[in-house]
Amino acid sequence: MKALKTISAVLLSVAVILSFAACHKKGETVMTVGETKIDSGLYLAFQYNAYNQFISDVGSDPDNSIPSSVSYSYFNDFSHPEDGTPRLEWIEQKTKELCKEYGAVMELCKQNNITLSVAEEDTASQYATAYWENQGVKILYEQSGVSFNTYKETMRYNFLYSKLFEFYYGKADEAVPGSGSKAVTDEEVAAAINDYAVLADHIDNKLSATYDESGNSTAVTDEQREAAKAKLQAYADRINNGTSFETIKAEYAAETGATDEDSSTTVPSSDNYTSIYTATAKAYTKNDSDLTNYNLFKGFKSTDGFEYGKAIVVEGETDDFKLVILYDLSKDQYYCEKYHDAVISDLKEDEFKELLSSKADELVVDENSSLVKFYGPGKIDFDKARQNAAS
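So, a few notes on the structure that sits alongside this text. (Residues numbered from 1 in each chain as written. Predicted model: local features only at pLDDT ≥ 70, side-chain atom pairs only at ≥ 80, totals over all residues. Heavy atoms only, no water.)

## What to know about the packing of aromatic side chains
Aromatic ring pairs are described here by two measures, namely the spacing of the ring centres and the angle between the planes.
Reasoning step 1: This structure, assessed with the given rule, holds 21 aromatic pairs.
Reasoning step 2: Both rings, one in Phe46 and one in Tyr157, keep their centres 6.0 Å apart while their planes meet at 85°; by these two values the pair is edge-to-face. Of the two residues, Phe46 is situated in helix 2 (residues 40-60) and Tyr157 in helix 6 (residues 148-169); the sequence distance between them amounts to 111 residues.
Reasoning step 3: On the basis of relative accessible area, Tyr157 is assigned to the buried category, the value being 2%.
Reasoning step 4: When the ring of Phe167 is compared with that of Tyr168, the centres are 5.2 Å apart and the planes differ by 80°; the resulting orientation is edge-to-face. Assigned by exposure class, Phe167 and Tyr168 land together as buried. (Phe/Tyr/Trp six-rings, centres within 6.5 Å; stacked < 30°, edge-to-face > 60°. Helix = DSSP H or I, 4+ residues; strand = E, 2+ residues; numbered from the N terminus. Buried < 20%, exposed > 50% of the residue type's maximum accessible area, 1.4 Å probe, protein only.)

Here it is in structure tokens:
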């Protein structure tokens with residue numbers, strides 16, 4: 001479900017490794033979790049993940065206002081918002097937690113005979129090769145004495161992580177003993193899908209200032225705002241009285257000269273199901289970076305008050321008015337199938353993390369304290385590493 005979640009971490013960590021290469025041998029074991037050895041390359045990849053998690057948590061704290069495109073050093077004086085742990089201490093603790101999670105995944109895969117197929121191994125290798133050869137990774141790694149096989153292991157881990165998740169939460173397979181022990185039913189997916197995604201038809205009417213030939217601007221007036229809302233409300237009333245959305249959208253395009261960005265006339269379908277909703281309806285998910293999702297639903301947090309199938313008029317950003325119809329995804333087998341795995345991941349990822357944490361606590365952890373100190377986050381210039389990785 002979360003395949004390739006550490007690729008960016010690995011890409012940047014290679015630049016970090018360079019600053020240490022002259023002082024320590026390649027591939028030194030920093031930690032051992034159970035029977036799994038974690039070398040310096042993997043340790044630094046996990047540490048970069050921890051660093052980014054710290055930055056994300058600080059940035060999402062409503063008490064903080066973080067400018068865009070800031071450097072890593074900007075966060076030097078921050079503590080973690082949840083518990084007040086100082087930056088370096090939190091990152092080191094989180095890095096160890098991620099290393100232990102890696103060991104737990106490897107141990108559980110071993111216990112449950114979970115391995116990658118030849119095809120999956122090939123795919124992981126192809127990802128690794130693509131980044132190694134095409135993203136400038138090869139030069140950085142070879143200079144630091146880190147092998148391609150070590151780099152490829154990070155790719156394999158992502159595939160194994162996802163496969164282990166599927167083993168527990170996917171449907172039981174008689175050919176795979178123990179599989180599906182925590183399986184999520186189709187009914188549970190349907191009940192949760194509207195918390196993961198929204199399906200909407202919408203017409204946008206964004207007003208903006210006008211300019212004369214001399215470049216002088218005239219701001220949007222209150223009268224124009226009221227007229228824009230009234231036009232959309234009239235459309236909404238007609239839709240709610242039986243006129244199709246497609247008819248209204250065509251009328252709006254003819255009246256305003258608007259370009260129809262969603263020009264599809266085919267209702268989406270799979271081998272198993274066809275959607276019951278319109279061809280123009282578009283789905284937006286929690287993981288969707290589409291700006292329409294953010295502007296329409298304010299970061300996926302303001303769908304309260306919508307009534308499925310009813311057209312309403314909402315105001316987005318400044319002078320941005322929208323006619324919106326929200327549809328109930330739980331009624332549509334096509335979308336329940338399409339987002340099945342993603343919904344399960346959304347539902348069970350935290351539970352899976354707890355399972356891995358419990359397993360990690362059962363394993364003996366042996367860390368090389370001198371290497372943990374040597375590779376400490378306080379000694380790494382992540383801004384310089386990012387510049388090196390980008391050059």
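## Here we look at the sheet that holds strand 2 (residues 36-39)
Reasoning step 1: What the three strands build is an open sheet, ordered 2-1-9; its pairing is antiparallel. Pairing within the sheet leaves two strands with one partner each, and these edge strands are strand 2 and strand 9 (365-367). Across this sheet, the average inter-strand angle for adjacent strands is 15°, counted without regard to direction.
Reasoning step 2: Where strand 1 (residues 29-33) lies against strand 2, four bridges are found, and the strand directions are antiparallel. Bridged to Thr32 within strand 2 is Lys37.
Reasoning step 3: Each of strand 1 and strand 2 touches helix 2; the most contacted strand, strand 2, lies at about 75° to it. (Pairing = 2+ DSSP bridges. Axes fitted to C-alpha atoms, helices over the stretch in contact; angles between N-to-C directions. Contact = heavy atoms within 4.5 Å.)

## Looking at the nonpolar core
Reasoning step 1: Ranked by size, the top nonpolar core spans 87 residues in total, and within it Leu164, Leu323 and Leu356 carry the most contacts.
Reasoning step 2: For this core, the element with the highest residue contribution is helix 6, accounting for 11 residues.
Reasoning step 3: Once residues within four sequence positions are removed from consideration, Leu323 is found in contact with Asp201, His202, Ile203, Leu232, Tyr235, Ala236, Ile239, Phe245, Ala311 and Ile312.
Reasoning step 4: Within the second largest apolar cluster, seven residues are counted, among which are Tyr284, Phe306, Val314 and Leu326. (Core = buried A, V, L, I, M, F, W, Y, C linked by side-chain atoms within 4.5 Å.)

## Some remarks on the packing of helix 4 (residues 118-134) against helix 6
Reasoning step 1: The geometry of helix 4 relative to helix 6 is characterised by a closest axis approach of 9 Å and an angle of 135° between their N-to-C directions. Between helix 4 and helix 6, the angle is such that the two are oblique. As for the relative orientation of helix 4 and helix 6, their crossing is right-handed in sense. Contacts between helix 4 and helix 6 involve Glu120, Glu121, Thr123, Ala124, Ser125, Tyr127, Ala128, Thr129, Tyr131 and Trp132 on the former and, on the latter, Phe148, Tyr151, Lys152, Met155, Arg156, Phe159 and Lys163.
Reasoning step 2: For the contact of helix 4 with helix 6, the class distribution of residues is nine nonpolar, three polar and five charged. (Parallel < 35°, antiparallel > 145°, perpendicular 65-115°, else oblique. Left-handed = near helix turned anticlockwise from the far one by under 90°. Nonpolar A, V, L, I, M, F, W, Y, C, P; charged D, E, K, R; others polar.)

## Looking at the pairing of strand 8 (residues 320-327)
Reasoning step 1: Buried residues dominate strand 8, accounting for eight of its eight residues.
Reasoning step 2: Of the two faces of strand 8, the one holding Asp320, Lys322, Val324 and Leu326 and the one holding Phe321, Leu323, Ile325 and Tyr327 are both buried throughout.
Reasoning step 3: Pairing of strand 3 (residues 197-206) with strand 8 involves eight bridges; the strand directions are antiparallel. Note on strand 8: the bridge partner recorded for Asp201 is Ile325.
Reasoning step 4: Both strand 7 (residues 311-315) and strand 8 contribute to a ladder of five bridges, which runs antiparallel. Bridging across to strand 8, Val313 finds its partner in Leu323.

## A short note on helix 7 (residues 186-196)
Reasoning step 1: Considered for burial, the residues of helix 7 that qualify are Val189, Ala190, Ala192, Ile193, Asn194 and Tyr196.
Reasoning step 2: Buried-residue contacts for helix 7 involve strand 3, strand 6 (282-285), strand 8, helix 11 (333-338) and helix 12 (340-362).

## Description of unusual backbone geometry
Reasoning step 1: With a phi angle near 55°, Asn113 is a residue other than glycine that sits in the positive phi range.
Reasoning step 2: Looking at where Asn113 falls in the secondary structure, it is placed in the loop between helix 3 (87-111) and helix 4.
Reasoning step 3: Classification of Asn113 as exposed rests on a relative accessible area of 69%.

## Thoughts on the sheet that holds strand 8
Reasoning step 1: Sheet architecture is open: four strands sit in the order 6-3-8-7, paired in antiparallel fashion. Two strands bound the open sheet, and with one partner strand each, they are strand 6 and strand 7. Between one strand axis and the next, the sheet turns by 45° as a mean value, whatever way the strands run.
Reasoning step 2: Seen against the sheet, helix 7 touches strand 3, strand 6 and strand 8 and runs at an angle of roughly 30° to strand 3.

## Side note on the packing of helix 3 against helix 12
Reasoning step 1: Their axes nearest at 8 Å, the elements helix 3 and helix 12 cross at an angle of 90°. Taken together, helix 3 and helix 12 sit at an angle that is classed as roughly perpendicular. Two secondary-structure elements touch here, helix 3 through Lys100, Glu101, Ala104, Val105, Glu107, Leu108 and Gln111 and helix 12 through Lys353, Leu355, Leu356, Lys359, Ala360 and Asp361.
Reasoning step 2: Split into classes, the residues belonging to the contact of helix 3 with helix 12 amount to six nonpolar, one polar and six charged.

## Some points on the pattern of salt bridges
Reasoning step 1: Within the structure shown, the criterion is met by 19 salt bridges.
Reasoning step 2: Where Lys100 meets Asp361, a salt bridge forms, and the shortest distance between an N and an O atom there is 3.6 Å. A residue pair is termed long-range when its members are at least 10 positions apart, and Lys100 in helix 3 and Asp361 in helix 12 qualify at 261 residues.
Reasoning step 3: When the shortest N-O distance is used, the salt bridge between Arg225 and Asp222 registers 2.8 Å. (Salt bridge = Lys/Arg side-chain N within 4 Å of Asp/Glu carboxyl O.)

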